[in-house]
Amino acid sequence: MKKLPHILLFAIVLLPLYGLAQKEISLRPADTTRIVINPNAPAKAAFFSAIFPGLGQAYNKKYWKVPIVYIGLGLGIYSYTWNQDKYHLYRDEYKRRLAGTADPNHPIYSGKSNDWVIRGQKFHQRNRDLSALITGVVYILNIVDANVDAHLMQFNVNDNLSLKPDLNQNDLDFKFNYGVTLSYQF
C-alpha cells in the first residue's frame, strides 16, 4: 500500500510530460526549381481571349495589357462607325443629286461638284474598310498575345541554362578572343 501513492505521484508528474515530448522531424530541402506545367493553359488563355477580349490576359495575370486591348478595339470600332456614318451622308447626298432633290443651300454640299461627293464617299468607304481590318487584326493579336504569354510563363528560366559573353586572352600573342559561352548544367 505504501507504493500506491508513489505510483500515483509518478503517473501524475510524468504522464503529462509524455505529450510534450518532441517528435522526430526530418528536414528535406524543397525542390524550388520544379515548376508544374499545365499544357492546357495556353489553349485556355487563347479561348478566353477569343470569347471575351482581354480575359486571356487577365487569366495570365497580365492585367496591364487589358486596357491596351480595349483601347485598340475601341478605337477601331469608333473609327469604323464614324466612317460608316460619313459614308452614308455622302452616299445619300449623291443619291439626292441623281434624283434631282438635292438642297442647293446645304451648308456642306452646296457649291460642290458630283465628283467631290463621289471622292468623299470613296474616301470614307476605304477608311471604313481599313478600320474593320485593323479592328480584326487587334482582335487576333489579342488572342495570339494571350496564347504566347501563357506559353512563355511555362518557359524554364533558371541558371542551369545560360548564355553569356566570353572574353579570353590568347597565351601566344596576348590578344583577346571574343565569343559567347552557352552552358547547360545537369
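Please refer to the structure placed before this passage.
Residues numbered from 1 in each chain as written. Predicted model: local features only at pLDDT ≥ 70, side-chain atom pairs only at ≥ 80, totals over all residues. Heavy atoms only, no water.

Enquirer: Which residues make up the pattern of salt bridges, and what values go with them?
Expert: Counted by the stated rule, this structure contains six salt bridges. We note a salt bridge from Lys65 to Asp145, for which the minimum N-O separation is 3.1 Å. Of this pair, Lys65 sits in helix α4 (residues 65-99) while Asp145 sits in helix α5 (residues 114-153), and the two are 80 residues apart along the sequence. Taking relative accessible area as the criterion, Asp145 reaches 26% and is therefore assigned partly exposed. A salt bridge links Arg128 to Asp129, with the shortest nitrogen-to-oxygen separation between them at 3.2 Å. Given a relative accessible area of 13%, Arg128 falls into the buried group. (Salt bridge = Lys/Arg side-chain N within 4 Å of Asp/Glu carboxyl O. Helix = DSSP H or I, 4+ residues; strand = E, 2+ residues; numbered from the N terminus. Buried < 20%, exposed > 50% of the residue type's maximum accessible area, 1.4 Å probe, protein only.)

Enquirer: Residue-level account of α4, with values.
Expert: It helps to recall that an α-helix has 3.6 residues per turn; residues three or four apart then point in one direction. Under the 1.5 Å per step criterion, the end-to-end length of α4 is 51 Å for 35 residues, consistent within 8% with the ideal 51 Å. For α4, the full list of buried residues reads Lys65, Val66, Val69, Leu73, Gly76, Asn83, Gln84, Tyr87, Tyr90, Glu93 and Arg97. Looking at the buried positions of α4, the neighbouring elements they touch are α3 (55-59) and α5. Following α4 by one or two positions, Gly100 has its phi on the positive side, about 85°. (Expected span 1.5 Å × (residues − 1). Contact = heavy atoms within 4.5 Å.)

Enquirer: Would you mind going over the packing of aromatic side chains in detail, with residue names and values included?
Expert: One pass over the structure, following the stated rule, counts six aromatic pairs. Ring centres 5.3 Å apart and planes at 80° place the aromatic pair Phe48 and Tyr59 in the edge-to-face group. With a gap of 11 residues between them, Phe48 in helix α2 (residues 41-51) and Tyr59 in helix α3 connect regions that are remote in the sequence. Of the aromatic side chains, those joined through ring pairs into one cluster are Phe47, Phe48 and Tyr59. (Phe/Tyr/Trp six-rings, centres within 6.5 Å; stacked < 30°, edge-to-face > 60°.)

Enquirer: Pulling in residues and values, what's your account of the packing of α4 against α5?
Expert: At a minimum axis separation of 8 Å, α4 and α5 run at an interaxial angle of 160°. Taken together, the axes of α4 and α5 are roughly antiparallel relative to one another. Note on packing geometry: the crossing formed by α4 with α5 is left-handed. Residues of the contact of α4 with α5, tallied by class, amount to 14 nonpolar, 14 polar and eight charged. (Axes fitted to C-alpha atoms, helices over the stretch in contact; angles between N-to-C directions. Parallel < 35°, antiparallel > 145°, perpendicular 65-115°, else oblique. Left-handed = near helix turned anticlockwise from the far one by under 90°. Nonpolar A, V, L, I, M, F, W, Y, C, P; charged D, E, K, R; others polar.)

Enquirer: Lay out the environment of Tyr178 in plain terms, naming residues and giving numbers.
Expert: Assignment of secondary structure puts Tyr178 in strand β2 (residues 176-184). Look at Tyr178 and you get exposed, because its relative accessible area is 70%. Placed 10 residues apart in sequence, Tyr178 and Asn168 show a C-alpha to C-alpha distance of 6.7 Å. Leave out the neighbours within four places in its chain, and Tyr178 touches Asp166 and Leu167.

Enquirer: Talk me through α5; I want residue IDs and the actual numbers.
Expert: Under the 1.5 Å per step criterion, the end-to-end length of α5 is 58 Å for 40 residues, consistent within 8% with the ideal 58 Å. Among the residues of α5, those classed as buried are Val117, Gly120, Gln121, His124, Arg128, Ser131, Thr135, Asn142, Ala146, Asp149 and Ala150. Residues of α5 that are buried sit in contact with α2, α3 and α4.

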